[in-house]
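Descriptive structure summary
Read off the chains here:
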Amino acid sequence: MSCKVGIPRALLYYKYFPMWKAFLEKLGAEIIVSENTNQKLILQGASLVVSDTCLPVKVFIGHVLSLSDKCDKLLIPVVRSTSEKVYNCSRFLALPDLARAVVPGVPPILEIEFDYSRGKSYLYRQIYSLGKNFTINPFKIKAAALYAWETHQRYHEITAQQHLTRLEAIDLIHNGKSITIKETKNDGLTIGIAGHPYVLHDEQVSHNLIKRLKAAGVNILTPEMAPEAPDSNGNGHTQFAGLAKNYWESEEDVVGAGDWYTRIKVDGIIGIMAFACGPDSMMMSLVQRQAHSANIPFMSLTVEEHTAEAGIVTRIEAFLDMIHRARRRNEQCV
Amino acid sequence: MRITFPHIGNAYIAVKAMLDPLGVDYVVPPKCNKRTLSLATKYSPEGVCIPFKLNLGNMIEAVELGADHILNVTGHGTCRMGYYFKVQEQILRDMGYDVTMMLTGLSEHKLRGFLNLLRSVSNNAPWSKIISSFTFGIAKMTALDDMEILANNMRAFEIKKGTITPIYRKSLRAIDDASDYRALKDAVKEYGEEMSGVEVIPDYKPLKILVVGEIYVVLDPFANMDVEMELGKLGVVTKRSLYLSRWVKKGLFFNPMGIDQWRDVHKAAMPYLKRDIGGDGWETVGEKVISTGHYDGMVHLAPFTCMPEGTAQCIMPSTKEDLPVLAIYCDEQTSKAGMITRLEAFTDMIAMKKAGCLSQ
């Protein structure tokens, strides 16, 4: 009987799920992903941790709780660092310990730590120790790891090339669902959204921000659509050239994206951040200052478990109205 | 060029001792006060932690006094602290102040980086002078911590409440004024004896409380609303493992040599938290585990939205070791009266627990 491995649909899921899935399925595990986030799940998660924990971690704990009786093992990797001197937020480093401490009846947790500064051999040992749970054959583990890495690369390529959101790309990779190319209306606005995938793409957490904007006829750009390397015009997901050096692992979604949006002159930037998010509290302020100096309208949305959908809707409408009005006024002046 | 540096507890006395012999033109920002805090909250991003805000407040007040270069330490790691300077610089620029940050990464450049920084502010003074002023600064830092340890120990025992604190304040001034090792030694001796000589309650067995948490709020009496003094007034002896001199020695000397002073603490935390999560979160969990049985309770200080301490606080209730913990979040909304009430309730509870009045 194959081992059922649970993967919470939260936090790093959005960035690495295709990779994890490829690795584990190659080794013969059965993957169970938790249900979509819903309000009940958020509240259950929030009730287990102290109140000033950030929303994404509360959501994460909710997902772990919902998986706890459905699977034999839980996969909670720790991503400390994937490039030199860039570390992940403190909360990510404690996820397995946090889940063990606060979730009652949590199944055994498969931990794996990615740490760039500790070199390749550490990474290989970590991968091997994860694979050992499923097979004793090291060659099989190696093959699975290589396959997983390929999948991960493909996932990144297609998101950037086809301008897909993370969720659309995950769908494309796993279900082969063909994506209808979005029509780009020439008179429509282009809005860049800065924010972490686990806030932005979680429809419950972001209150369907992307869908709402699309329904309003707006072209949206999300951080993962940025090209990895700058193109000849310098339009790229650069390493924070305009703003600052990267400090946190996942902040390219905010600062890198903000930088990209200001350089390609989008019509407006929406920064969406979770309440009590440590890194964002500073990085979003940098993006806001940059947008301000580039004269691009910026709106900051802070979400938490009590955020009302109506409030978000009103603010989005107002923001779009303001941009439209400014644009009409400029046209009249010309 | 006029230099300034943000406050952290009494560290300014040690930094002054380092800069004075080098003939540096510097200005010490006014000690943290209401104005610092309101300036800070006005210009900081709203969700950022209290150390950032107070540091920014210090900088603004120092810049108003003519400072244009700001000394600061940065780092690489998971905590926000290593990135403060970038955002603070932006904010000051946007406010129209032209400032230059003079930085050294404690974790990457270590001791050499710090000494180089001193050299660059002192207009290339000879190394012998830099090293001697640096060691004198460290000596002052140690003296300050000795005084603080003594004061926190003695406060619980004083018969007439409020005798120790003025002596402690005077000792700070004397240490600040000391210009050489002899004067420093004399000051420590004089005020040490004065504090030890205070009339004490005979045969008093006080409660012992460990104070742990994030370094800034533990060290800074303004940020933590004098929590140790208030506990002392309630007749409680407070101890902590985090002192500035110990932390600086760790960062500059022991860590680069690969010596982990907190090794037993980290080992104790292992079953509950397997890795360093930045800041002082790992140590906080370890301290709880290791001091159960030696202390009657623990006060956990954390800035609001602190990532490592928040995690530590989530994990702590799950430990086997049962030590009462009072978590106090420090931010601009914290009120002293509220905190004192909570401290009173907490000490009452642990006193009852110790006396066996609470049924399990």
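Rules and cut-offs
Residues numbered from 1 in each chain as written. Chains lettered and ligands numbered in written order. Predicted model: local features only at pLDDT ≥ 70, side-chain atom pairs only at ≥ 80, totals over all residues. Heavy atoms only, no water. Contact = heavy atoms within 4.5 Å. Buried area = accessible area lost by both parts, 1.4 Å probe. Salt bridge = Lys/Arg side-chain N within 4 Å of Asp/Glu carboxyl O. Polar contact = N/O pair within 3.5 Å; in protein donor to acceptor, adjacent residues only side chain to side chain. Helix = DSSP H or I, 4+ residues; strand = E, 2+ residues; numbered from the N terminus. Axes fitted to C-alpha atoms, helices over the stretch in contact; angles between N-to-C directions. Parallel < 35°, antiparallel > 145°, perpendicular 65-115°, else oblique. Nonpolar A, V, L, I, M, F, W, Y, C, P; charged D, E, K, R; others polar. Pairing = 2+ DSSP bridges.

**Regarding the interface of chain B and chain A**
Each partner contributes residues to the interface: chain B has 39 residues there, and chain A has 38 residues. Across the chain B to chain A interface the summed buried area is about 3300 Å²; carbon plus sulfur atoms make up 61%. The interface formed by chain B and chain A includes five salt bridges. The partner of B:Asp94 in a salt bridge is A:Arg289, with the nearest N and O atoms 2.6 Å apart. At the surface where chain B touches chain A, the tally comes to ten residue pairs in polar contact (both at pLDDT 80 or more). Elements with a minimum of two residues in the side of chain B that touches chain A: helix H4 (84-94) and helix H14 (307-315) of chain B.

**Notes on the packing of helix H7 (residues 164-177) of chain B against helix H8 (residues 181-196) of chain B**
For any two helices packed against each other, one specifies the crossing angle of their axes together with the interaxial distance. Residue and element names in this part refer to chain B. Look at H7 against H8: their axes get within 9 Å of each other, and the N-to-C directions meet at 175°. Here H7 is positioned roughly antiparallel relative to H8, judged by the angle of their axes. Across the interface between the two elements, Ile164, Ile167, Tyr168, Lys170, Ser171, Ala174 and Ile175 from H7 touch Leu184, Ala187, Tyr191, Glu194 and Met195 from H8. Looking at the contact of H7 with H8, its residues break down into nine nonpolar, one polar and two charged.

**Quick word on the sheet that holds strand E3 (residues 100-105) of chain B**
Residue and element names in this part refer to chain B. Taking strand neighbours across the sheet as the criterion, the three strands line up as E1-E2-E3 in an open arrangement whose pairing is parallel. The open sheet has two free edges, formed respectively by strand E1 (3-4) and E3, since each of these has just one partner strand. By the bridge criterion, two bridges tie E1 to strand E2 (residues 69-74) in an arrangement that is parallel. Residue Thr4 lies in a different strand from E2, and its bridge partner there is Ile70. Across the face of the sheet, H4 comes into contact with E2 and E3 while running at roughly 175° to E3.

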